[in-house]
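# What the coordinates show
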Amino acid sequence: MKKIAVFTSGGDSPGMNACIRAVVRTCVFHKIEVMGILHGYDGMIRDEFISMNAKSVSGIIQRGGTILKTARSSEFLTQEGMQKAKANLEKHGIEGVIAIGGDGTFKGALEFGTLCSIPFVGCPGTIDNDLIGTDFTIGYDTAINTVVEAVDKIRDTAESHDRLFFVEVMGRDAGLIALRSGIGSGAEAILISEAKTDFEKLIQHLKEGRKDKSSKIVIVSEQGGTGSVLQLSEKVKKELPFYDIRVSVLGHIQRGGNPTCMDRVNSSRMGFSAVEALMAGKKQVMIGIINNKIAYTPFENAVKHLDEIHPDLQRMMRVLAV
Ligand code: F6P
């Protein structure tokens, strides 16, 4: 392996920069040339390749976002786009590629593998934590800490006004951000798409809880409620008119900010291991960390949808949230 390229793709996540840094510095250590590709698959198509060295990744371990920029490419899904990307990788003499991204990134790499034999190794970069083959994805820990910090603040004002808050958090169709941040912030209820929302039970729970506690926080994952979070709050207001209700959608603040130490260390381990995996001849696999050990999961398994998440955590949550 003489020359490797690295890129970030899909939604950015805190820790991607730490991962890029680890890839570049591991390549330098092994005397492998390394290029960065800007704007994900779009940059591969448009020939946005840049040379990188140990210095080009100085001072980035603590920064959120991605210095390589990112995109969700629709052109890469076409045969023409993939042909252009292949031609550019060959033009630059790339012998292995490290893709940092989520399920869309790895689905793209799988498809690309049918026409290009250059090996790809992936690092799981997404705040959603919705990939099989790793306990934690890059950015998830930072995102849930951001949510907990925000909900702690919302709790102060909710408490002061005796209010009920519905807080919508990210995760696309996965409820892992909601579940963990909801437990961490002591939410009274967590609504996720993996566990069907029982509206009647929710109403009963909020009604009964009114006697013991003045403030209430309900964490709702994107697509976790029935309809939008606003529709849900209006439905609840009709049933429980005595509640003073507010809605807060946390949005993209969950994707930014300095990565936590956990994210920096995990991202560094994954970037480092991705280079060594390519050197060892591995391809079309995602690097993950399971039980604190590096694991390799074929792309086709990594992107499978999680239908059920942590029944043990869900049960505990219901016991603790009175
Ligand atoms: O996949 C990461 C994520 O932040 C999801 O949680 C969210 O649904 C989506 O990306 C938002 O994407 P965009 O930034 O393109 O609006």
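For clarity, every value in this text was computed on a predicted model and none was experimentally measured.

### What about the side chain of S185?
Along the polypeptide, S185 turns up in the loop between α6 (176–184) and β7 (189–191). Of the residues examined, S185 reaches a relative accessible area of 9% and is grouped as buried. Once residues lying within four places of it in the same chain are set aside, the contact partners of S185 are V148, V151, R155 and I219.

### Digging into the pattern of salt bridges
Throughout the structure, instances matching the rule amount to eleven salt bridges. The closest approach of N and O atoms between E48 and R46, which form a salt bridge, is 2.8 Å. The exposure class assigned to R46 is partly exposed, which follows from its relative accessible area of 47%. Linking E149 and K153 is a salt bridge whose minimum nitrogen-to-oxygen distance equals 3.6 Å. Here E149 pairs with K153, and both are found in helix α5 (residues 140–161), just four residues apart, close to one helical turn. It is possible to trace a salt-bridge network through shared partners that takes in R163, D244 and R246.

### Things to note about the site of the ligand
Around the ligand, the neighbouring residues are R72, I127, D128, M170, G171, R172, E222, H252 and R255. Taking R72, its side chain carries an N or O atom lying 2.9 Å from an oxygen atom of the ligand. Contact between the ligand and D128: an oxygen atom at 2.7 Å from a side-chain N or O atom of the residue. Bound to the protein, the ligand loses 76% of the 400 Å² it would expose on its own. For the shell around the ligand, the per-class residue count stands at two nonpolar, two polar and five charged. Counting contributing residues, the shell around the ligand receives three or more from each of domain 1 (3–139 + 259–302) and domain 2 (142–255).

### Remarks on the domain arrangement of the chain
The figure often quoted for interface size is the accessible area lost as the parts come together. Looking at the chain, the domain boundaries give domain 1 (3–139 + 259–302) and domain 2 (142–255). Here the C-alpha centroids of domain 1 and domain 2 sit 34 Å apart. The largest share of the area that domain 1 buries against domain 2 comes from D12, I127 and D128, three residues that together contribute 44% of it. Inspection of the domain 1/domain 2 interface yields one salt bridge. Salt-bridge contacts for R255 lead to D12; the nearest nitrogen and oxygen are separated by 3.0 Å. Joining domain 1 to domain 2, the criterion identifies five residue pairs in polar contact (both at pLDDT 80 or more). Of the residues in the side of domain 1 that touches domain 2, the class split is four nonpolar, five polar and five charged.

### Quick word on the pairing of strand β1 (residues 3–8)
A regular strand places its side chains on the two faces of the sheet in alternate fashion. Most of β1 sits inside the fold, with six of its six residues counted as buried. Here β1 shows two buried faces, one formed by K3, A5 and F7 and the other by I4, V6 and T8. The pairing of β1 with strand β2 (residues 33–37) spans five bridges and is classified as parallel. Of the residues in β2, the one forming a bridge with K3 is E33. For the crossover from β1 across helix α1 (residues 16–29) to β2, the handedness is right-handed.

Each value, and the rule that gives it
- Residues numbered from 1 in each chain as written.
- Predicted model: local features only at pLDDT ≥ 70, side-chain atom pairs only at ≥ 80, totals over all residues.
- Heavy atoms only, no water.
- Helix = DSSP H or I, 4+ residues; strand = E, 2+ residues; numbered from the N terminus.
- Buried < 20%, exposed > 50% of the residue type's maximum accessible area, 1.4 Å probe, protein only.
- Contact = heavy atoms within 4.5 Å.
- Salt bridge = Lys/Arg side-chain N within 4 Å of Asp/Glu carboxyl O.
- Near = heavy atom within 4 Å.
- Polar contact = N/O pair within 3.5 Å; in protein donor to acceptor, adjacent residues only side chain to side chain.
- Areas by Shrake-Rupley, 256 points an atom, 1.4 Å probe, with all protein chains shown as cover.
- Nonpolar A, V, L, I, M, F, W, Y, C, P; charged D, E, K, R; others polar.
- Domains from an automatic or database assignment.
- Buried area = accessible area lost by both parts, 1.4 Å probe.
- Pairing = 2+ DSSP bridges.
- Right-handed = clockwise from strand over helix to strand, strands pointing away.

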